[in-house]
Amino acid sequence: MTVHLEVSEGVGTLRLDRPPMNALDIATQDRLKELAEEATRRDDVRAVVIYGGERVFAAGADIKEMQAMDHAAMVLRARGLQDAFTAVARIPKPVVAAVTGYALGGGCELALCADYRIAADNAKLGQPEILLGLIPGAGGTQRLPRLVGPSKAKDLIFTGRMVKADEALAIGLVDRVVPADEVYAEAQGWAAKLAQGPAIALRAAKEAVDTGIETDLETGLAVERNWFAGLFATEDRERGMRSFVEEGPGKAKFL
């Protein structure tokens, strides 16, 4: 298998495992979708880390496989490609990408599906599809501008250039840069902390933010209002407020 789901203490790691560069061929895309949906269903997975290993996150699609495809073949495949990445983006739990080495093309698009991105100081990210006479096809033209703004996204997409970790941090493409040998531990720590939080409230927060940025303010506020009121029916809300009153802020323990 080219992708594995490893679960420990509430954290599920989606580990890419297709040496040497974790090229995202069709089989890997389909496996990624399958395991993202499994992580969504499993109650023992409360947060997710996406990781490609110590040397590389994912260097993009399998170009040799794509070269053999004609227009008709890609018409049939393009939706499956996007669906695999959307399955990751729609995991209703906190998701962090631990980015080492190259995250190019589909690799960068996979990192964009996370809620938070921690990059190694040697990481290089980019959308080089234009250099192949193509555009990003796994969400890059949509998720990248929503994250870094249209001008910066167009710069990366139009030129196909790679950005190093420091520039990625400066433009908001990643959220934290750490030494390469600390990336996975940092991502695990971020996920583990949130895995101890109130699962339904975290799901609500993620859905409210993700839905809100896709719609107008009034609709977004309605989504927030409905989730906010609905959380008053949960045990986590009772536990959190009781702990605050009796013990002070930040001491509640959630199941």
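For the structure itself, consult the block above.
Residues numbered from 1 in each chain as written. Predicted model: local features only at pLDDT ≥ 70, side-chain atom pairs only at ≥ 80, totals over all residues. Heavy atoms only, no water.

**Student:** Help me get a handle on the pairing of strand β1 (residues 3–8), residues and values and all.
**Tutor:** The sheet contact formed by β1 and strand β2 (residues 11–16) spans six bridges and is antiparallel. The residue bridging H4 from the neighbouring strand is R15, located in β2. Remark: two residues form the turn of the hairpin made by β1 and β2, two consecutive strands paired antiparallel; E9 in that turn has positive phi of roughly 50°. (Pairing = 2+ DSSP bridges. Helix = DSSP H or I, 4+ residues; strand = E, 2+ residues; numbered from the N terminus.)

**Student:** Break down the nonpolar core for me, citing the residues and quoting the values.
**Tutor:** Soluble globular proteins tend to bury their nonpolar side chains together. Among the nonpolar cores identified, the biggest contains 45 residues, and F57, V99, L125 and L173 are the most heavily contacted of them. Non-local contacts of L125, meaning those with residues more than four positions away in its chain, are made with V99, A103, L104, C108, R161, M162, V163, A168, L173 and V174. Residues V11, A120, V178 and V183 belong to the second largest nonpolar core, which totals 14 residues. (Core = buried A, V, L, I, M, F, W, Y, C linked by side-chain atoms within 4.5 Å. Buried < 20%, exposed > 50% of the residue type's maximum accessible area, 1.4 Å probe, protein only. Contact = heavy atoms within 4.5 Å.)

**Student:** Any details on unusual backbone geometry? Residues and values, ideally.
**Tutor:** A cis amide bond, omega 5°, links P19 with the succeeding residue P20. Structurally, P20 is set in the loop between β2 and α1 (26–41). Despite not being glycine, E9 has its phi angle at roughly 50°, a positive value. Unlike most non-glycine residues, N22 shows phi in positive territory, near 55°.

**Student:** I'd like a description of a negative patch on the surface, backed by residues and values.
**Tutor:** Residues E54, D121, D181 and E182 make up a contiguous surface patch of negative charge. Residue position: E182 is located in the loop between β9 (176–178) and α8 (183–195). (Patch = residues over 30% accessible without salt bridge, like charges linked within 9 Å, V, L, I, M, F, W, Y side chains within 5 Å. Areas by Shrake-Rupley, 256 points an atom, 1.4 Å probe, with all protein chains shown as cover. Salt bridge = Lys/Arg side-chain N within 4 Å of Asp/Glu carboxyl O. Lys, Arg positive; Asp, Glu negative; His and termini not counted. Charge placed at Lys NZ, Arg CZ, Asp CG, Glu CD.)

**Student:** Quick rundown of a nonpolar patch on the surface? Include the residues and the values.
**Tutor:** On the surface, a nonpolar cluster with roughly 250 Å² of combined accessible area is contributed by M21, Y102 and M162. Relative to the helices and strands, Y102 is located in strand β5 (residues 102–104).

**Student:** Would you mind going over the packing of aromatic side chains in detail, with residue names and values included?
**Tutor:** Scanning the model with the defined rule gives three aromatic pairs in all. An angle of 25° between the planes, with centres 4.4 Å apart, marks the rings of Y51 and Y184 as stacked. With a gap of 133 residues between them, Y51 in strand β3 (residues 47–51) and Y184 in helix α8 connect regions that are remote in the sequence. Taking the relative accessible area as the measure of exposure, Y51 reaches 9% and is therefore buried. Looking at Y184, the relative accessible area reads 27%, which means it is partly exposed. Ring geometry for Y116 versus W190: centroids 5.1 Å apart, planes at 5°, classification stacked. Of the two residues, Y116 is situated in strand β6 (residues 116–120) and W190 in helix α8; the sequence distance between them amounts to 74 residues. The exposure class assigned to W190 is buried, which follows from its relative accessible area of 19%. (Phe/Tyr/Trp six-rings, centres within 6.5 Å; stacked < 30°, edge-to-face > 60°.)

**Student:** Any details on helix α10 (residues 217–230)? Residues and values, ideally.
**Tutor:** Over its 14 residues, α10 extends 20 Å from the first C-alpha to the last, a length consistent with the 20 Å expected when each residue adds 1.5 Å. Where α10 starts, the residue carrying a side-chain oxygen 3.1 Å from the main-chain nitrogen of E218 turns out to be D216. (Expected span 1.5 Å × (residues − 1). Polar contact = N/O pair within 3.5 Å; in protein donor to acceptor, adjacent residues only side chain to side chain.)

**Student:** Residue-level account of the pattern of salt bridges, with values.
**Tutor:** Counted by the stated rule, this structure contains 16 salt bridges. Its salt-bridge partner being R146, residue E214 comes within 2.9 Å of it at the nearest N-O pair. Pair noted here: E214 is in the loop between α9 (199–212) and α10 and R146 is in helix α5 (residues 140–148), with a separation of 68 residues, a long-range link. Overall, E214 belongs to the partly exposed group, its relative accessible area being 46%.

**Student:** Any details on the environment of V95? Residues and values, ideally.
**Tutor:** Among the structural elements, V95 can be located in strand β4 (residues 95–99). A C-alpha to C-alpha distance of 23 Å links V95 and N226, two positions 131 residues apart in sequence.

**Student:** So what about the sheet that holds strand β8 (residues 162–164)? Which residues, and what values?
**Tutor:** An order of β5-β7-β8 is seen for the three strands of this open sheet, with the pairing classed as mixed. A single partner strand is all that each edge strand has here, and the edge strands are β5 and β8. Averaged over all neighbouring strand pairs, the angle between strand axes comes to 20°, with direction disregarded. (Axes fitted to C-alpha atoms, helices over the stretch in contact; angles between N-to-C directions.)

**Student:** Before we move on, could you go through the sheet that holds β1 and cite the residues and values that matter?
**Tutor:** An order of β1-β2-β3-β4-β6-β9 is seen for the six strands of this open sheet, with the pairing classed as mixed. Lying at the two open borders of the sheet, with one neighbouring strand each, are β1 and β9. Each strand axis lies, on average, 20° off the axis of its neighbour in the sheet, ignoring direction. Note that β2 and β3 share five bridges and pair parallel. Bridged to L14 within β3 is I50.

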